[in-house]
Amino acid sequence: MSEVALHQQRCVACEGGIAPLDQPALKAGLNALAECWHVDTLDQSPALSARFSFRNYYQVTAFVNAVAWIAHQENHHPDIHFGYRACTVYWTTHAASGITQNDLICAAKVDALLRTEELAP
Ligand SMILES: C[C@H](O)[C@H](O)[C@H]1CNC2=NC(N)=NC(=O)C2=N1
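Residues numbered from 1 in each chain as written. Predicted model: local features only at pLDDT ≥ 70, side-chain atom pairs only at ≥ 80, totals over all residues. Heavy atoms only, no water.

The condition that has to hold: UniProt positions are given in the numbering used here, feature names are shortened, and annotations may be inferred rather than shown by experiment.
The protein chain carries the name 4a-hydroxytetrahydrobiopterin dehydratase in an unreviewed UniProt entry, which gives Oceanococcus atlanticus as its organism. Regarding the protein chain, the relevant UniProt record gives this comment under Sequence similarities (unreviewed entry): "Belongs to the pterin-4-alpha-carbinolamine dehydratase family." Within the UniProt record for the protein chain, the comment given under Catalytic activity (unreviewed entry) is "(4aS,6R)-4a-hydroxy-L-erythro-5,6,7,8-tetrahydrobiopterin = (6R)-L-erythro-6,7-dihydrobiopterin + H2O".

1. Remarks on the pairing of strand β1 (residues 38–42)
What counts is decided by this rule: Paired strands are those between which DSSP finds at least two bridges. For helices the rule is a DSSP run of H or I covering at least 4 residues; for strands it is a run of E covering at least 2, with both sets numbered from the N terminus onward.
Pairing between β1 and strand β2 (residues 45–53): five bridges, direction antiparallel. The residue bridging Val 39 from the neighbouring strand is Leu 48, located in β2. In sequence, β1 turns back onto β2 through a hairpin of two residues, with Asp 43 there showing a positive phi of about 50°.

2. A look at the side chain of Thr 100
Inclusion rule: Burial here depends on accessible area, computed with a 1.4 Å probe over protein chains only, as a share of the maximum for the residue type. Under 20% is buried, over 50% is exposed, and the range in between is partly exposed. The contact criterion used throughout is that any non-hydrogen atoms of two residues lie within 4.5 Å.
Looking at the element boundaries, Thr 100 is found in the loop between β4 (86–91) and α3 (101–115). Residue class for Thr 100 comes out buried when judged on its relative accessible area of 2%. Once residues within four sequence positions are removed from consideration, Thr 100 is found in contact with Ile 18, Ala 19, Pro 20, Leu 21 and Thr 93.

3. Re the environment of Leu 26
With respect to the helices and strands, the residue Leu 26 is situated in helix α1 (residues 23–32). Residues Leu 26 and Leu 48, 22 residues apart in the sequence, show an inter-C-alpha distance of 9.8 Å. In this view, Leu 26 contacts Leu 21, Val 39 and Ile 99; residues no more than four positions away in its chain are not counted.

4. Looking at the site of the ligand
Under the convention used in this document: Here, proximity means that at least one heavy atom of the residue falls within 4 Å of the molecule or strand. Any pair of N or O atoms that falls within 3.5 Å is considered a polar contact. Within protein, one atom must be able to donate a hydrogen and the other to accept it, and sequence-neighbouring residues count only if both atoms are side-chain atoms. Each accessible area value is a Shrake-Rupley result obtained with a 1.4 Å probe; residue values ignore everything except the protein chains displayed when judging cover. Classification convention: Asp, Glu, Lys, Arg as charged; Ala, Val, Leu, Ile, Met, Phe, Trp, Tyr, Cys, Pro as nonpolar; all other residues, Gly among them, as polar.
If you check the shell around the ligand, you find Ala 13, Cys 14, Glu 15, Asn 75, His 76, His 77, Thr 92, Thr 93, His 94 and Ala 95 and nothing else. Thr 92 has a polar backbone atom sitting 2.8 Å from a nitrogen atom of the ligand. With respect to the ligand, the backbone of His 94 contributes an N or O atom lying 3.1 Å from a nitrogen atom. Here the ligand has 390 Å² of accessible area as a free molecule, and 79% of this is covered by the chains. Of the residues belonging to the shell around the ligand, the class tally is three nonpolar, six polar and one charged.

Now the structure itself:
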(Lines give C-alpha, C1' and ligand atoms only; values in the text may rest on other atoms or scores of the structure.)
Protein backbone atom coordinates (compact mmCIF):
# COMPACT_ATOMS: atom_id res chain seq x y z
CA MET A 1 0.00 0.00 0.00
CA SER A 2 1.48 3.37 -0.93
CA GLU A 3 0.97 6.41 1.27
CA VAL A 4 0.75 9.91 -0.25
CA ALA A 5 3.88 11.90 0.66
CA LEU A 6 3.27 14.74 3.14
CA HIS A 7 4.22 17.45 0.66
CA GLN A 8 1.66 16.12 -1.81
CA GLN A 9 -1.22 16.20 0.67
CA ARG A 10 -3.63 19.14 0.91
CA CYS A 11 -4.69 21.00 4.03
CA VAL A 12 -8.26 20.63 5.23
CA ALA A 13 -10.34 23.54 6.50
CA CYS A 14 -10.02 23.66 10.26
CA GLU A 15 -12.71 25.45 12.19
CA GLY A 16 -13.37 24.76 15.85
CA GLY A 17 -13.18 21.41 17.60
CA ILE A 18 -10.11 20.16 15.78
CA ALA A 19 -7.62 18.35 18.06
CA PRO A 20 -3.85 18.76 17.87
CA LEU A 21 -1.81 15.71 16.85
CA ASP A 22 -0.98 13.28 19.64
CA GLN A 23 2.68 12.68 20.54
CA PRO A 24 3.24 9.56 18.36
CA ALA A 25 1.69 11.22 15.31
CA LEU A 26 3.72 14.38 15.87
CA LYS A 27 6.92 12.38 16.28
CA ALA A 28 6.25 10.41 13.09
CA GLY A 29 5.53 13.66 11.26
CA LEU A 30 8.74 15.28 12.46
CA ASN A 31 10.68 12.26 11.24
CA ALA A 32 9.29 12.86 7.74
CA LEU A 33 10.46 16.49 7.69
CA ALA A 34 13.90 18.04 7.20
CA GLU A 35 15.98 18.06 10.38
CA CYS A 36 15.65 21.81 10.86
CA TRP A 37 12.02 21.48 12.02
CA HIS A 38 11.39 21.29 15.75
CA VAL A 39 8.61 21.98 18.21
CA ASP A 40 8.68 25.55 19.48
CA THR A 41 6.15 27.89 21.07
CA LEU A 42 4.21 30.64 19.35
CA ASP A 43 1.77 32.77 21.34
CA GLN A 44 1.83 30.13 24.09
CA SER A 45 0.86 27.29 21.73
CA PRO A 46 3.08 24.56 20.28
CA ALA A 47 4.31 25.32 16.77
CA LEU A 48 6.53 23.66 14.19
CA SER A 49 9.42 25.99 13.60
CA ALA A 50 12.55 26.19 11.48
CA ARG A 51 15.13 28.88 10.77
CA PHE A 52 16.51 29.28 7.26
CA SER A 53 19.64 31.23 6.31
CA PHE A 54 20.21 32.88 2.95
CA ARG A 55 22.87 34.81 1.10
CA ASN A 56 21.08 38.15 1.10
CA TYR A 57 17.82 40.03 1.67
CA TYR A 58 16.67 39.40 -1.88
CA GLN A 59 16.75 35.63 -1.30
CA VAL A 60 15.05 35.97 2.08
CA THR A 61 12.15 37.95 0.67
CA ALA A 62 11.80 35.62 -2.34
CA PHE A 63 11.54 32.72 0.11
CA VAL A 64 9.01 34.56 2.29
CA ASN A 65 6.86 35.17 -0.79
CA ALA A 66 7.12 31.53 -1.86
CA VAL A 67 6.00 30.42 1.61
CA ALA A 68 3.14 32.93 1.43
CA TRP A 69 2.15 31.39 -1.91
CA ILE A 70 1.95 27.96 -0.23
CA ALA A 71 -0.14 29.52 2.54
CA HIS A 72 -2.59 31.01 0.03
CA GLN A 73 -2.86 27.72 -1.85
CA GLU A 74 -3.54 25.77 1.33
CA ASN A 75 -5.51 28.43 3.21
CA HIS A 76 -3.23 27.78 6.17
CA HIS A 77 -1.06 30.63 7.35
CA PRO A 78 2.28 30.66 9.17
CA ASP A 79 3.92 33.35 11.21
CA ILE A 80 7.14 34.35 9.47
CA HIS A 81 9.85 36.37 11.17
CA PHE A 82 12.54 37.60 8.83
CA GLY A 83 15.52 39.90 8.62
CA TYR A 84 18.56 40.65 6.49
CA ARG A 85 19.79 37.10 5.90
CA ALA A 86 17.53 34.70 7.80
CA CYS A 87 13.94 33.74 8.25
CA THR A 88 12.07 31.70 10.87
CA VAL A 89 8.81 30.02 9.91
CA TYR A 90 6.23 28.94 12.52
CA TRP A 91 3.39 26.61 11.58
CA THR A 92 0.65 26.15 14.15
CA THR A 93 -3.08 25.68 13.87
CA HIS A 94 -4.83 28.49 15.70
CA ALA A 95 -8.15 26.64 15.64
CA ALA A 96 -6.53 23.77 17.57
CA SER A 97 -4.08 25.79 19.68
CA GLY A 98 -1.45 23.31 18.57
CA ILE A 99 0.14 21.34 15.77
CA THR A 100 -2.09 19.48 13.32
CA GLN A 101 -1.62 17.55 10.08
CA ASN A 102 -2.04 20.87 8.23
CA ASP A 103 1.16 22.14 9.86
CA LEU A 104 3.11 19.00 8.90
CA ILE A 105 1.84 19.27 5.32
CA CYS A 106 2.85 22.92 5.01
CA ALA A 107 6.28 22.33 6.56
CA ALA A 108 6.81 19.49 4.06
CA LYS A 109 5.83 21.82 1.21
CA VAL A 110 8.48 24.30 2.41
CA ASP A 111 11.02 21.46 2.40
CA ALA A 112 10.00 20.57 -1.15
CA LEU A 113 10.37 24.22 -2.16
CA LEU A 114 13.94 24.26 -0.87
CA ARG A 115 14.78 21.04 -2.69
CA THR A 116 14.47 22.92 -5.99
CA GLU A 117 17.97 23.85 -7.07
CA GLU A 118 17.07 27.32 -8.27
CA LEU A 119 15.74 28.43 -4.90
CA ALA A 120 18.11 26.63 -2.56
CA PRO A 121 20.25 29.00 -0.51
C1 LIG B 1 -11.46 28.25 7.31
C2 LIG B 1 -9.98 28.21 7.43
O3 LIG B 1 -9.51 26.88 7.43
C4 LIG B 1 -9.48 28.90 8.69
O5 LIG B 1 -9.93 30.21 8.81
C6 LIG B 1 -7.98 28.85 8.74
C7 LIG B 1 -7.26 29.90 7.94
N8 LIG B 1 -5.84 29.79 8.19
C9 LIG B 1 -5.37 29.29 9.33
N10 LIG B 1 -4.07 29.24 9.56
C11 LIG B 1 -3.58 28.75 10.69
N12 LIG B 1 -2.27 28.71 10.88
N13 LIG B 1 -4.40 28.27 11.64
C14 LIG B 1 -5.74 28.26 11.52
O15 LIG B 1 -6.45 27.80 12.42
C16 LIG B 1 -6.28 28.77 10.31
N17 LIG B 1 -7.56 28.76 10.08
